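Given next are the chains, with one letter for each unit.
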Amino acid sequence: MNVSIIGTGYVGLTTGAALAFLGHKVTCIDIDPKKVAALKRGECPIYEPELENILKSARDRLNFTTEYEPAISSSQVVFIAVGTPSQPDGQPDLSYLKSAAQAVGRNLGTGVTVIVNKSTVPIGSGNWVESIVRDAMREVKKEARFSVVSNPEFLREGSALSDMLYPDRIVVGSEDPAATKVMQDLYQPLLAQDFVEPKNLPRPKNRQQSPFVATDLQSAELIKYAANAFLALKISFINEVAELAEKVGANAGHIARGIGLDARIGERFLQAGIGWGGSCFAKDTSALISTAREYGLPMAITQAARDVNSRQRARVIEILLGELRILKGKKIGILGLAFKPFTDDLRDAPALEIASRLKERGAKVVGFDPIANAKVRQDWAEKGPIVTDDVAEVFNEADAVVLVTEWPEFTNADWSTLLPLMKNKLIIDGRSVLDRSKLVAAGARLITLGCSA
Ligand code: UGA
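Since the structure is predicted, the reported quantities are computational estimates derived from the model, not experimental observations. (Residues numbered from 1 in each chain as written. Predicted model: local features only at pLDDT ≥ 70, side-chain atom pairs only at ≥ 80, totals over all residues. Heavy atoms only, no water.)

Q: Which parts of the structure should I look at to understand unusual backbone geometry?
A: For residues other than glycine, phi is negative in most cases, and the peptide bonds are mostly trans. Put simply, Glu69 and Pro70 share a cis peptide bond, and its omega is 5 degrees. With respect to the element layout, Pro70 can be found in the loop between strand E3 (62-65) and strand E4 (77-80). Residues other than glycine seldom take positive phi values, yet Phe342 does so here, at roughly 65 degrees. The topology assignment puts Phe342 in the loop between strand E9 (331-335) and helix H13 (350-360). Classification of Phe342 by relative accessible area gives partly exposed; the value is 36%. Even without a glycine there, the phi angle at Asp348 is positive, about 50 degrees. Counting through the fold element by element, Asp348 comes out in the loop between E9 and H13. By relative accessible area, which is 30% here, Asp348 ends up partly exposed. (Helix = DSSP H or I, 4+ residues; strand = E, 2+ residues; numbered from the N terminus. Buried < 20%, exposed > 50% of the residue type's maximum accessible area, 1.4 Å probe, protein only.)

Below, the structure is given as structure tokens:
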């Protein structure tokens, strides 16, 4: 099929690369000429494992442009995958979505086009996009046939391509059965799981087929918010239990396994620690609460998940204060600056909030990340930590070091050479990933969030 994708962020680019890999002819449209020029040169503007390789392997079926024409008029399916950042009232900013929908309306071709809302959009946006497309068509005196469908994404940064190629499910919300059928055809190789897996992206065991969930528009839109809110609250739940575990002498890791093996609960997303960050959970839980407020509903559980999550970051400062008494003039090292491993994304990264709070209290903060250092230097020059490219500098003369992002570089670090560099060998493991016996043998005092030892 001929497919256009508007927006080349994580979602748009991953979707475009995967669809082209599966054999579709894809044009990615972005208003940023620098980004488009880089993509045309074969450079990937974001750090996402295997994305550059997939883009390369599918380059014959991939095109990048800043122009809506002729891509839109010749496409059977047009994805809108633009950003919807949070506004101060919690509602997403829909201005990019609006201008993309207007551009689609002005340029629709003579065939029937399926317009896909891939961006995370408030409930009711499908109808809203439809009316914008219609208005734009009217302005240019065009008559074209189209349907708007909602097809939420469930990609995790750092494993976006694997999530895209081997989805747990594909959700499509639509009021038009013919449009649902087009989406089913588009995704057929993913539903059947009959494509040859790309190098370095192996098919997970037991993944024979992916279910297709066809719903009405509103349900698909709400599925996206409900999925992210549920994952966020699962993490906050284990973090709440973890704090109690510390008090009663228990271990959150054992509890997660003990409850997670119950198939009704499931083991994933029960990793206790500093809590969630990133561009999605905070934005989507806030939007869900804000939408519910319009209907007079409090969404108490989602709100509680947010409250517990902010407390996790504050707890790191409390622990350091308890241990060091005074933070003024102390050197605190931070391991990991991106919001999670295998990405350089700094949006709502816990490490940066913790660093800026420590700086406000007069501490000297030095941080290191295997991938995100350059971005931190560029975007967080004032409020962020001093960034070093030498991990030993994080430890040198430090009064404490906090592991915030669980990169393998840190779990596999050579502690016997790093710990002796510290003034005070206090390590806070914010992700419960460090080997206690190894660190203690090397002389560390190790505090693990969620663990009483
Ligand atoms: C999340 C969802 O997992 C995706 O399904 C969704 O498509 C995406 O948001 C989105 O809406 O675009 P993402 O934010 O990329 O994906 O990353 P996650 O792997 O979900 O991690 C989010 C945060 O939770 C990270 O800070 C991570 O460190 C933290 N986390 C995750 C925990 O603290 N504990 C866990 O057990 C799991």
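Q: Is there a simple way to think about the side chain of Thr15 in this case?
A: Mapping Thr15 onto the fold places it in helix H1 (residues 10-21). A polar contact is formed between the side chain of Thr15 and the backbone oxygen of Val11, at a distance of 2.6 Å. Among all residues touching Thr15, those that are not within four sequence positions of it are Ile5, Phe79, Lys118 and Met164. (Polar contact = N/O pair within 3.5 Å; in protein donor to acceptor, adjacent residues only side chain to side chain. Contact = heavy atoms within 4.5 Å.)

Q: Honestly, the packing of aromatic side chains in this entry has me stumped. Any pointers?
A: Aromatic ring pairs: the centre-centre distance and the angle between the two ring planes describe each pair. The tally for this structure, following the rule as stated, stands at seven aromatic pairs. Consider the rings of Tyr166 and Phe195, whose centres lie 5.9 Å apart with planes at 20 degrees: the pair is stacked. Linking Tyr166 in the loop between helix H6 (160-165) and strand E7 (170-173) with Phe195 in the loop between helix H8 (188-192) and strand E8 (212-215), this pair joins segments that are 29 residues apart in sequence. We note Arg169 situated over the ring of Phe154; from NZ or CZ to the ring centre the distance is 3.5 Å. (Phe/Tyr/Trp six-rings, centres within 6.5 Å; stacked < 30°, edge-to-face > 60°. Lys NZ or Arg CZ within 6 Å of the ring centre and 35° of its normal.)

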